[in-house]
Number of protein chains: 4
Amino acid sequence: MSSTILNVGLLGAGRIAGVHATAISTNPGSRLAAVSDINQAAAEKIAAQYGAEARSTDAILNDPAINAVLIATSTDTHSDLIERATAAGKAVLCEKPVDLSLGRAQACQKVTAATGKPVMIGFNRRFDPNFAALKAAADRGEIGKTELLSITSFDPAPPPIAYIKVSGGLFRDMMIHDFDMANFIMGAAPVSVSAVGTSIVDPEIGAAGDVDTAVVTLAYADGRIAVIKNSRRAVYGYDQRLELLGSEGLLQAQNMLENTLVKSTTSGVIGAKPTYFFLERYMPAYAAEWAAFVTAVNTGSALPVTLDDGVAALAMAEAASQSAKTGSPVKLAEVLG
Amino acid sequence: MSSTILNVGLLGAGRIAGVHATAISTNPGSRLAAVSDINQAAAEKIAAQYGAEARSTDAILNDPAINAVLIATSTDTHSDLIERATAAGKAVLCEKPVDLSLGRAQACQKVTAATGKPVMIGFNRRFDPNFAALKAAADRGEIGKTELLSITSFDPAPPPIAYIKVSGGLFRDMMIHDFDMANFIMGAAPVSVSAVGTSIVDPEIGAAGDVDTAVVTLAYADGRIAVIKNSRRAVYGYDQRLELLGSEGLLQAQNMLENTLVKSTTSGVIGAKPTYFFLERYMPAYAAEWAAFVTAVNTGSALPVTLDDGVAALAMAEAASQSAKTGSPVKLAEVLG
Amino acid sequence: MSSTILNVGLLGAGRIAGVHATAISTNPGSRLAAVSDINQAAAEKIAAQYGAEARSTDAILNDPAINAVLIATSTDTHSDLIERATAAGKAVLCEKPVDLSLGRAQACQKVTAATGKPVMIGFNRRFDPNFAALKAAADRGEIGKTELLSITSFDPAPPPIAYIKVSGGLFRDMMIHDFDMANFIMGAAPVSVSAVGTSIVDPEIGAAGDVDTAVVTLAYADGRIAVIKNSRRAVYGYDQRLELLGSEGLLQAQNMLENTLVKSTTSGVIGAKPTYFFLERYMPAYAAEWAAFVTAVNTGSALPVTLDDGVAALAMAEAASQSAKTGSPVKLAEVLG
Amino acid sequence: MSSTILNVGLLGAGRIAGVHATAISTNPGSRLAAVSDINQAAAEKIAAQYGAEARSTDAILNDPAINAVLIATSTDTHSDLIERATAAGKAVLCEKPVDLSLGRAQACQKVTAATGKPVMIGFNRRFDPNFAALKAAADRGEIGKTELLSITSFDPAPPPIAYIKVSGGLFRDMMIHDFDMANFIMGAAPVSVSAVGTSIVDPEIGAAGDVDTAVVTLAYADGRIAVIKNSRRAVYGYDQRLELLGSEGLLQAQNMLENTLVKSTTSGVIGAKPTYFFLERYMPAYAAEWAAFVTAVNTGSALPVTLDDGVAALAMAEAASQSAKTGSPVKLAEVLG
């Protein structure tokens, strides 16, 4: 194996792991060496498809020929696996969120930092070509000084109540992507977080102690403001948009559509819907995310998203959860302790 | 004069009064009879253009041949003129806001109600064809049960600081339109109001005690949420949009553009900007507003916007002002006393 | 009457005459003095609405106080009235087409030229803000050297067969607007005209000797090409678009829509249709057309569209009619004789 | 090898062959077995990337384990290779055009038909998701009876003059895609072809005996009309659009854009350009084309595009070339002999 080809172990063999397996295999700088999963058959299927081996997680972590691991297991295992993998000298790309517990994530952050190994958190949306183009345009100063960010982020349909109950809640499970997006676009963490949430889509979600629709306002030290809107249900598809107002203009990243067909009849002018969900919308983002990880690890350059970013987003989720309950703004500093 | 032609006195002869004079004159159900203004020359100019008389406000209010007055004078005179005109038996269309003081507006509301005369407040945006189409579609149930409303409302450029100082502040002067829009679309007043404001466009606005950029979240008794974004500066033009998410879809009313020209070059695909400001965007709305007033007065049917609506929006502005200062949500009931 | 206010006689009191009456009355540089029509009641109605007199055509033409006439009578009277009005010293704005007979129009051109009086032909589309913006951008060189023009021009529904029979045919009645548009945009007349026509919308139109769908290709001396598409039926509304390809880009003037509402549901993303027909789409163009006429006549500057332009478009219609019958290209020089 | 996995030989190893190699390798129903090219190094590079062998064309055609060949060599070898491959019992997917000579293509058609082996021509645009959606909507009757088709097809920049000279000319090299698209959408061949061509983009193209800009009108037996516009230069990118007017509406397939970013400034509202050229725009189409071939061959069902389609498009190119020279329409029957 050439020193510039990453030998990758994939931990987890579920749906999103399959997406990562393709990205790993088609990237010229990496190769899928091994896959593990508590469901052995699932691991074997992915392994066969890409000429890799199905092995145990232990075997993967102990194999010195494996340079990097991609963690796509259930959330409750993330912190442990990040710690074990970095201790074993691997570079790590871990799916979001780091943990449902901010304290546990902060502990993991401390332990991992000591190893000096690179840990990237899978905030794939930063690599969406539309959002990345917006960030690049803002950084080039194309709209002057940035002032007001709006994030619209609606899922097509709510997950099962059983999932809701173990998800950590909308703020930690769903809006965490948008908290990271705000941090990415604004280039800073907010000072305070104000949340209003409701369970108007499905009262059972409210009965389970969660909200399904929420608006969160973020206030920044320099006077800027961001607002995030989430809904668990947009029947027309995955609605993922950004708007950034600046002193010299507005940037908007709009939805990607299923196709460009437009039909004009007596009923109106009808076009295609947004792509249905994250697998359709963010497929190019997953490939770009992996490519960025490979480049950073292989060249030793800075990771574009770090474990610190994962902890920062989690802290905002924690603050939003508290604010939605009390009705009052929560300072991020209080949450971070 | 036929009994179905309103004989109208126009109080005020400034820029917006000119717009109203045209609407009054071209509407087949009304005719401009008289104009008054503290600037006699301005009143005479409008009067000459439309074959009306320049008279004093007293003369207009005392003339039994005048059926209706349109009040387009400075805000501090609105409450007095509404009271005097209704006492004199006139139907009234008064420019927004009713007053900068909620207490004064509530007093005016009480006095006027006793006269039984129709008083409409000039929330012209309800008559914008795009917003009206959105409201009609929502009322027809085209997106099911409504859940989350977003209002984007940016001016092209901030007014002079001198104006800011007497304006009553962004919430009473500018966002009051959006408060009424929320009431119009949602068909209800919110329970609580949370505001975050900043003076990031121009620190002098902050020095004058006002904000120039704000996000306000409205929570409704039935769990619905609305969010309003205001900025005093959108250099690309007057940005006036609505988005309403419902259980069966999304409605968006987008900006009207200067023209439909699109240019594709190596620099990208370039289209026209939004119309520059309210006179361009809302010209059709002013005519429709006046037509609705004429129809309601001539037929005795209910006014589409009332003095009560004016007071309701003012109360929300009051609550938002308080919330922006304290950082905590304000219950509307507390403000209304 | 001030020397800078045109005193206008309106010949004809049909639907389009009503549009012109409004433009004449609201323009500060003109006033509607008199209206004539073979239907006296129709003339009286318009006259009453705008404070004018209903008079005979003879009386209008013989009145020295009338400076200009707007001819909105039936096509077969145009040439005669243009000749009589210019002989009587009036400035003339005449609805298109000049005549159905190219020979008669050319004779009128000769007679009128001798009087030196200004005669403008009502090719209102040149004054559509979208098409005018496209022309201005092209003239500023924004897409470099122009190469290929496409005109899409579809009516919402075919007229009655009785109208088709006296219309002069699609090329003289409908596409004549597009021939003038090609001349306007390209700034030159073509060398040859190739037409393909069919009566696929309604075979009765074919039985009446006309076509209802046609594609005409125009070849220019300098190698440029234009293509015009016409259909008598676009059920979704009046489809009026331009595309101009140049060495440095593409300009497109798109349809104006009924409103900006967009609805996203499981069925797709649905927007408003184009405005229904010419009265909706071109209302601003009629006002701008009249304003341009008033300015040219009052200042003595060149008319933006002339009788020569009317004859040029008619010659192209004649050539297209011949080409559609023979199947071969027709040189414009042959038609002009 | 399972009987349902196609073992594929790739003839040619140029740029487009690389695209096909990826499609072959990632399709679960096929595998890349061998690659040949006169440039041995190019063949070896592709072979190495996908675990295939670099072999001679003879060796590939003589290997009974190879079930199918994809011909991506230079146009002058297509007919010979189609004949040899079908004689050797292979299923064939051959890049367009079949040949520059209509006679040679017709001879190949006859020889190949005798073998009964499936031969598909690579008109990849039929598999573009936008065009395919338009065709499907039309076939479902969503716009009623189809009447008028418009095809806009502009390249971003002209090829080198050296290429122009051996290309067979714009009609055979570039517009042949659009002739096939017309046949695909209209479901029939036209009766006659009228062409107007010019070398306005680059006079050297004219000096080389070719045109760079052309408009071709197709007349169908049932009265329908199609019009194709080609330009060798659209500086803003690859402009590939369809419009189909029917008795009940209009279908438009619009361009795919580089991203969905929109920037509003004082200069206007600026969006991304169309994707740059065919590799960007039609990458999904190449994968879908190959998938359709694999399915048809593996299941024995009808090919979606056949050698007959390749000959039909070539005949239209021949007719257009003649028409552009003579200036008169050419009947397709005359060309087909």
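Everything quoted here is computed from the prediction, not taken from an experiment.

Asker: Explain the interface of chain B and chain D to me, please; I cannot follow it from the model alone.
Answerer: Put simply, an interface is often sized by how much accessible area is lost when its parts join up. Taken residue by residue, the interface counts 13 residues in chain B and 13 residues in chain D. For the pair chain B and chain D, the summed buried surface comes to about 970 Å²; carbon and sulfur atoms form 64% of the total. A per-residue breakdown of the area chain B buries against chain D is headed by Thr266, Val269 and Lys273 of chain B, which together make up 40% of the total. Joining chain B to chain D, the criterion identifies zero salt bridges. The interface formed by chain B and chain D contains four residue pairs in polar contact (both at pLDDT 80 or more). The residue inventory of the side of chain B that touches chain D, partitioned by class, reads six nonpolar, six polar and one charged. One ladder, built from three bridges, connects strand S14 (residues 268-271) of chain B with strand S14 (residues 268-271) of chain D; its direction is antiparallel. From the neighbouring strand, Gly271 of chain B faces S14 of chain D, where its bridge partner is Val269 of chain D.

Asker: Explain the relation of the copies chain B and chain D here, please?
Answerer: Superposition of the two copies of the chain requires a rotation about an axis and a shift along the axis. The two copies are related by a screw operation: chain B maps onto chain D through 180 degrees of rotation and 0.0 Å of translation along the axis, at an RMSD of 0.0 Å. Here the transformation between the copies is reduced to the relation of a two-fold axis. Ranked by how close their C-alpha atoms come to the rotation axis, the residues of chain B are headed by Ile270 of chain B, at 2.2 Å. Comparing interface residues between copies, 100% of those in chain B also lie at the interface in chain D; the contact surface is shared.

Asker: I tried to follow the UniProt feature "domain: GFO/IDH/MocA-like oxidoreductase" (unreviewed entry) in chain A on my own but got confused; where do I start?
Answerer: Mapped onto the present numbering, the UniProt feature "domain: GFO/IDH/MocA-like oxidoreductase" (unreviewed entry) falls on residues 131-251 of chain A. For residues 131-251 of chain A, helix accounts for 30% and strand for 34%, while the C-alpha atoms at its two ends are 10 Å apart.

Asker: Hey, could you run me through the relation of the copies chain A and chain B in this one?
Answerer: The operation relating chain A to chain B is a screw motion whose rotation component is 180 degrees, with 0.0 Å of axial translation and a residual RMSD of 0.0 Å. A share of 100% of the interface residues of chain A reappears at the interface of chain B, consistent with the copies meeting face to face through the same patch.

Asker: Got a minute to help me understand empty space enclosed by the protein in this structure?
Answerer: Counting across every chain of the model gives five cavities of 30 Å³ or more. The computed volume of the largest cavity comes to approximately 190 Å³. Residue lining of the largest cavity: 16 residues in total, with Thr152 and Lys229 of chain A together with Ser150, Thr152 and Lys229 of chain B positioned closest to the centre. The set of elements that each furnish at least two residues to the lining of the largest cavity consists of strand S7 (146-154), strand S10 (225-231) and strand S11 (239-246) of chain A together with strand S7 (146-154), strand S10 (225-231) and strand S11 (239-246) of chain B. When the residues that make up the lining of the largest cavity are grouped by side-chain class, the tally is six nonpolar, four polar and six charged.

Asker: Looking at this structure, I do not really get the sheet that holds strand S4 (residues 68-71) of chain B. What am I missing?
Answerer: Picture the strands of a sheet paired through backbone hydrogen bonds; they go either parallel or antiparallel. All names here are of chain B. Strand order across the open sheet formed by six strands is S3-S2-S1-S4-S5-S6, with parallel pairing between neighbours. The two strands at the open ends of the sheet, each matched to only one other strand, are strand S3 (53-54) and strand S6 (119-122). Where strand S1 (residues 6-11) meets strand S2 (residues 30-36), six bridges bridge the pair, whose relative direction is parallel. In the sheet register, Leu10 faces S2, and the bridge partner there is Val35.

Asker: Would you mind showing me how to read the interface of chain A and chain B here?
Answerer: In this assembly, 39 residues from chain A lie in contact with 39 residues from chain B. Put simply, chain A and chain B have six salt bridges between them. Salt-bridge contacts for Arg233 of chain A lead to Glu147 of chain B; the nearest nitrogen and oxygen are separated by 2.5 Å. Put simply, the parts of the chain that give the side of chain A that touches chain B at least two residues each are S7, strand S8 (192-198), strand S9 (213-219), S10, S11 and strand S12 (249-253) of chain A. Partitioning the side of chain A that touches chain B into residue classes produces 16 nonpolar, 13 polar and 10 charged.

Asker: Looking at this model, I keep getting lost on the UniProt feature "domain: Gfo/Idh/MocA-like oxidoreductase N-terminal" (unreviewed entry) in chain A. Mind explaining?
Answerer: The positions that UniProt labels "domain: Gfo/Idh/MocA-like oxidoreductase N-terminal" (unreviewed entry) are, in the present scheme, residues 6-123 of chain A. For residues 6-123 of chain A, the end-to-end C-alpha separation is 21 Å, with 44% helix and 24% strand making up the annotated structure.

Asker: Teacher, can you tell me more about helix H5 (residues 102-115) of chain A here?
Answerer: Since the α-helix advances by 3.6 residues per turn, residues separated by three or four positions end up pointing in the same direction. All names here are of chain A. Counted at 1.5 Å a residue, the expected span for H5 with its 14 residues is 20 Å, and the 20 Å between its end C-alpha atoms agrees. Those residues of H5 that fall on the buried side of the exposure criterion are Leu102, Ala105, Cys108 and Thr112. All buried residues of H5 project into a common sector of 115 degrees when viewed along the axis, lining one side. Opposite its buried face, H5 presents the exposed residues Lys110 and Ala114, each directed more than 90 degrees away. Two or three places before Gly103, at the opening of H5, Ser101 has a side-chain oxygen 3.3 Å from that residue's backbone nitrogen. Looking at the residues trailing H5, positive phi occurs at Gly116, about 70 degrees.

Asker: What am I meant to see in unusual backbone geometry here?
Answerer: Peptide bonds are mostly trans, and most non-glycine residues show a negative phi. Along the chain, Lys96 of chain B connects to Pro97 of chain B via a cis peptide bond; the corresponding omega equals -5 degrees. Locating Pro97 of chain B in the fold gives a position in the loop between strand S5 (91-95) and helix H5 (102-115).

Asker: I tried to follow the pattern of salt bridges on my own but got confused; where do I start?
Answerer: For side chains bearing opposite charge, pairing can occur when the charged atoms are close. Applying the stated criterion across every chain, the model contains 76 salt bridges over all chains. With a closest N to O distance of 2.5 Å, Arg84 of chain A and Asp58 of chain A form a salt bridge. With Arg84 of chain A in helix H4 (residues 78-87) and Asp58 of chain A in helix H3 (residues 57-62), the pair connects residues that are 26 residues apart, well separated along the chain. We classify Arg84 of chain A as partly exposed; its relative accessible area is 39%. In this structure, Asp178 of chain A and Arg125 of chain A form a salt bridge, with 3.2 Å as the shortest nitrogen-oxygen distance. Placement of the pair is Asp178 of chain A in helix H9 (residues 175-186) and Arg125 of chain A in the loop between strand S6 (119-122) and helix H6 (129-139), with a sequence separation of 53 residues. Each member of the pair, Asp178 of chain A as well as Arg125 of chain A, is classed as buried. Salt bridges linked by common partners bring Lys229, Asp239 and Arg241 of chain A together with Glu243 of chain B together as one network.

Asker: Honestly, the state of the cysteines in this entry has me stumped. Any pointers?
Answerer: By definition, a disulfide links the sulfur atoms of two cysteine residues through a covalent bond. Residues and elements named next belong to chain B. Applying the stated criterion across every chain yields a total of zero disulfides over all chains. Not engaged in a disulfide, the cysteine Cys94 finds its nearest cysteine sulfur in Cys108; these two sulfurs lie 8.0 Å apart. Among the residues examined, Cys94 registers a relative accessible area of 1% and is labelled buried.

Asker: Explanation requested: the side chain of Arg233 of chain A in the structure shown.
Answerer: Structurally, the position occupied by Arg233 of chain A is in the loop between S10 and S11. Only 2.5 Å separates the side chain of Arg233 of chain A from the side chain of Glu147 of chain B, close enough to count as a polar contact. Contacts of Arg233 of chain A, omitting those with residues within four sequence positions, involve Asp155, Pro156, Ala157, Pro158 and Val201 of chain A together with Glu147, Leu245 and Ser247 of chain B.

Parameters at a glance
Residues numbered from 1 in each chain as written. Chains lettered and ligands numbered in written order. Predicted model: local features only at pLDDT ≥ 70, side-chain atom pairs only at ≥ 80, totals over all residues. Heavy atoms only, no water. Contact = heavy atoms within 4.5 Å. Buried area = accessible area lost by both parts, 1.4 Å probe. Salt bridge = Lys/Arg side-chain N within 4 Å of Asp/Glu carboxyl O. Polar contact = N/O pair within 3.5 Å; in protein donor to acceptor, adjacent residues only side chain to side chain. Nonpolar A, V, L, I, M, F, W, Y, C, P; charged D, E, K, R; others polar. Pairing = 2+ DSSP bridges. Helix = DSSP H or I, 4+ residues; strand = E, 2+ residues; numbered from the N terminus. Least-squares fit on C-alpha atoms with pLDDT ≥ 70 in both. UniProt positions renumbered as here; feature names shortened; annotations may be inferred. 1 Å grid on protein atoms, 1.4 Å probe; cavity = no way out; pocket = protein on both sides within 12 Å on 5 of 7 lines; lining within 4 Å. Points joined across faces, edges and corners; volume = space filled by probe spheres on them. Expected span 1.5 Å × (residues − 1). Buried < 20%, exposed > 50% of the residue type's maximum accessible area, 1.4 Å probe, protein only. Arc of directions from axis to C-beta. Disulfide = S-S within 2.5 Å.

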